[in-house]
Amino acid sequence: MSEPLKVFLDEKEMPRQWYNLQADLPHPLPPPLGPDGKPVTPDMLARVFPMSIIEQEMSQQRWVDIPEPILEKLALWRPSPLCRARNLERALQTPARIYYKNEGVSPAGSHKPNTAIAQAYYNKMEGIERLTTETGAGQWGSALAFACRQFGLQCRVYMVRISFDQKPFRKFMMETWGAECVPSPSTNTEVGRKILAETPDSPGSLGIAISEAIEDCVQSENTRYSLGSVLNHVCMHQTIIGLEAKKQLEKIGVEPDILIGCAGGGSNFAGLTFPFLCDKIHGKDMRILAAEPAACPRMSRAPYVYDSGDVAMMTPLLPMYSLGHTFIPPPIHAGGLRYHGMAPLVSLAAREGLIEAHALPQLECYEAAVLWARTEGHIPAPETSHAIALAIREARRAQDEGKERVILLNWSGHGLMDLSGYHAYFSGKLTNYVMSDEEMAKSLKCIENLPKPPPLR
Ligand SMILES: *Cc1c(COP(=O)(O)O)cnc(C)c1O
């Protein structure tokens, strides 16, 4: 036990400011566009988001203060531990050192409450009484349900139908925190009713659920909408992960060579990596890797385009890597990674060549998850297993090259509510989905006539 296996921070050492990557990216983000093809104004967003969130979304300020009431709530589980996966290293016989930031210790079991708490707080401060949102695998819905309870807000969650059926326990968590959880597509909204009329057994998608949650929001009194990933302010709220990790690594005098996160909408990846990306932009040598499912390859295969965040095109057009907003993902178990788009900030960093994206097949990820559970103990979420599988690839490469590398991965959440996926894996029922070029071309048809982002200069 010469080197520490865990590094804790005192509550008083929690970061007091979030980091905003917009201040440091070599090129500015292309603006979000409205239906008329012109940049959206804050006023246009005011019906769905509180003003303080809209300001953060557009802010170029490098450091943004975290209000005291938010820090107080985050302290229910933060700072989260930074751990070394020594047992896994031994099992792999790798010379690499593998560290992970454990975001599974939050009440909802993932990184998502980091932004849910912040968003609930800002809505409360502006007198909002109710939030609507969508959820894929249920992690975001449960995180927002928890956060709304902390600040006394009502909460309705539209949950993608296939996950609603596969993962009822997430719904029970939301109900325990006092939120309402509805399977999407639903009969509550016009877009839901339309889809059900065409496809009564629709498995749903995040894009559909977003449309429903926004429609519910604009049709209801004193209600705002909340998004759990993708947007700039969400990525910023998550940077507390990377800022803590930096302090923890400094305590033990370790510098990472390789950073890894799984990427669904991009927020946990952004959270861990953006504070380090700042150093990379300013000349530090390190590799930053995003793990995507081979079934939904955005940064690893799709084009950089303007696309809508939802199927009914209710959101502004965002500049991002996208499979097209009508994309219906295959039923892989990593529900939180099945989105068609990618955070504009993460997308731009990828376009600038600052980060690498890798597509991983489902079975390799489950194999990695099981190895992790049998060595490190904690059972990872299927999303997290993508980061683990990529870390294992890199650890094996370090072994082949005889290099002593330091790998830091974001352990985005536990899989205790996702055990049916593990059961399906052990029963031999899971297969590898890899998106074909034909499927990709078909899926991209819907964006053909949308505006194109400017080339990088
Ligand atoms: C939601 C989720 C993800 C994917 O979402 P991002 O916005 O890409 O972070 C990854 N891991 C876990 C555990 C999640 O709950």
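Above this note sits the structure.
For the structure given in this document, a descriptive report is provided here.

## Focus on the overall build of the protein
When you go through the protein residue by residue, the secondary structure sums to 18 helices and 15 strands. Here the protein has a C-alpha radius of gyration of 20 Å; the compact-globule value for 457 residues is 23 Å, and the two agree. Within the span of the protein, comprising 457 residues, buried residues form 63% of the whole. Contacts in the protein between residues at least 24 apart in sequence constitute 78% of all its contacts with a sequence separation of at least 6. As displayed, the protein has an accessible area near 17300 Å², and 52% of this comes from carbon and sulfur atoms. Here the protein contributes 46 positively and 51 negatively charged side chains, and the mean placements of these two sets differ by 3 Å.

## Section: the sheet that holds strand β9 (residues 223-225)
Each strand in a sheet pairs with its neighbour through backbone hydrogen bonds, running either in the same direction (parallel) or in the opposite one (antiparallel). Spatial ordering of the open sheet is given by β8-β7-β6-β9, a layout of four strands whose pairing is parallel. The strands lining the two open edges of the sheet, one partner per strand, are β8 (180-184) and β9. Adjacent strand axes in the sheet meet at a mean angle of 25° when their direction is disregarded. Where strand β6 (residues 130-135) lies against β9, three bridges are found, and the strand directions are parallel. Bridge assignment links R130 to a residue of β9, and that residue is T223. Relative to the sheet, helix α6 (residues 139-151) contacts β6 and β7 (154-160), its axis offset from that of β6 by approximately 160°. Against the sheet, helix α10 (residues 206-219) engages β6, β7, β8 and β9, with an angle of about 170° to β6.

## As for the packing of helix α13 (residues 267-281) against helix α14 (residues 344-351)
Their axes nearest at 11 Å, the elements α13 and α14 cross at an angle of 50°. Comparing the axis directions of α13 and α14 gives the class oblique. Handedness of the crossing formed by α13 with α14: left-handed. Every residue of α14 that contacts α13 at F269, A270, F274 and L277 is listed here: L345, V346 and A349.

## Let's talk about the packing of helix α9 (residues 190-198) against α10
Where α9 contacts α10, the two axes come as close as 8 Å, and the packing angle between them is 140°. On α10, the residues that touch E190, V191, G192 and I195 of α9 are I208, S211, E212 and E215. Within the contact of α9 with α10, the residues separate by chemical class into three nonpolar, two polar and three charged.

## Description of the site of the ligand
The ligand sits among 19 residues. The nearest are K112, S229, G264, N268 and S412. K112 has a polar side-chain atom sitting 2.5 Å from an oxygen atom of the ligand. Within the side chain of S229, a nitrogen or oxygen atom sits 2.5 Å from an oxygen atom of the ligand. A total of 380 Å² of accessible area belongs to the ligand in isolation, and the protein chains cover 98% of it. Of the residues that constitute the shell around the ligand, the class distribution is four nonpolar, 13 polar and two charged.

## What about the side chain of T223?
With respect to the element layout, T223 can be found in strand β9. With relative accessibility at 0%, the residue T223 sits in the buried group. Beyond its immediate sequence surroundings of up to four residues, T223 is in contact with R47, I128, R130, T132 and C217.

## A short note on helix α8 (residues 168-176)
Burial in α8 covers these residues: R170, K171, M173 and M174. Looking down the long axis of α8, one finds its buried residues gathered within 155° of arc, a one-sided arrangement. Turned more than 90 degrees from where α8 packs its buried face, F169 and T176 sit exposed. Where α8 is buried, its residues meet β6, α6, β7, α7 (161-166) and β8. Positive phi shows up at G178, right after α8, with a value of about 95°.

## Considerations on the packing of aromatic side chains
This model, assessed by the stated rule, comprises 14 aromatic pairs. Ring geometry for Y100 against W411: centres 6.3 Å apart, planes inclined by 50°, an arrangement best described as tilted. Residue Y100 is located in strand β5 (residues 97-102), and its partner W411 is located in strand β15 (residues 406-411); the two are separated by 311 residues in the primary sequence. Note on Y100: relative accessible area 3%, which makes it buried. Measuring from ring centre to ring centre gives 5.6 Å for Y425 and F426, while their planes differ by 55°; the resulting arrangement is tilted. An aromatic cluster is present here, built from Y366, Y422, Y425 and F426 joined pairwise through their rings. The ring of F151 has K73 sitting right over it, with the charged end atom 5.4 Å from the ring centre. The ring centre of F276 lies 5.6 Å from the NZ or CZ of K246, which sits over that ring.

## Some points on the state of the cysteines
Overall, the coordinates contain zero disulfides when judged by the stated rule. Free cysteine: C83, not disulfide-bonded; nearest cysteine sulfur from C262 at 17 Å. On the basis of relative accessibility, which here comes to 7%, the residue C83 falls in the buried class.

Calculation criteria
Residues numbered from 1 in each chain as written. Predicted model: local features only at pLDDT ≥ 70, side-chain atom pairs only at ≥ 80, totals over all residues. Heavy atoms only, no water. Helix = DSSP H or I, 4+ residues; strand = E, 2+ residues; numbered from the N terminus. Rg over C-alpha atoms; globule rule 2.2 N^0.38 Å. Buried < 20%, exposed > 50% of the residue type's maximum accessible area, 1.4 Å probe, protein only. Contact = heavy atoms within 4.5 Å. Areas by Shrake-Rupley, 256 points an atom, 1.4 Å probe, with all protein chains shown as cover. Lys, Arg positive; Asp, Glu negative; His and termini not counted. Charge placed at Lys NZ, Arg CZ, Asp CG, Glu CD. Pairing = 2+ DSSP bridges. Axes fitted to C-alpha atoms, helices over the stretch in contact; angles between N-to-C directions. Parallel < 35°, antiparallel > 145°, perpendicular 65-115°, else oblique. Left-handed = near helix turned anticlockwise from the far one by under 90°. Nonpolar A, V, L, I, M, F, W, Y, C, P; charged D, E, K, R; others polar. Near = heavy atom within 4 Å. Polar contact = N/O pair within 3.5 Å; in protein donor to acceptor, adjacent residues only side chain to side chain. Arc of directions from axis to C-beta. Phe/Tyr/Trp six-rings, centres within 6.5 Å; stacked < 30°, edge-to-face > 60°. Lys NZ or Arg CZ within 6 Å of the ring centre and 35° of its normal. Disulfide = S-S within 2.5 Å.

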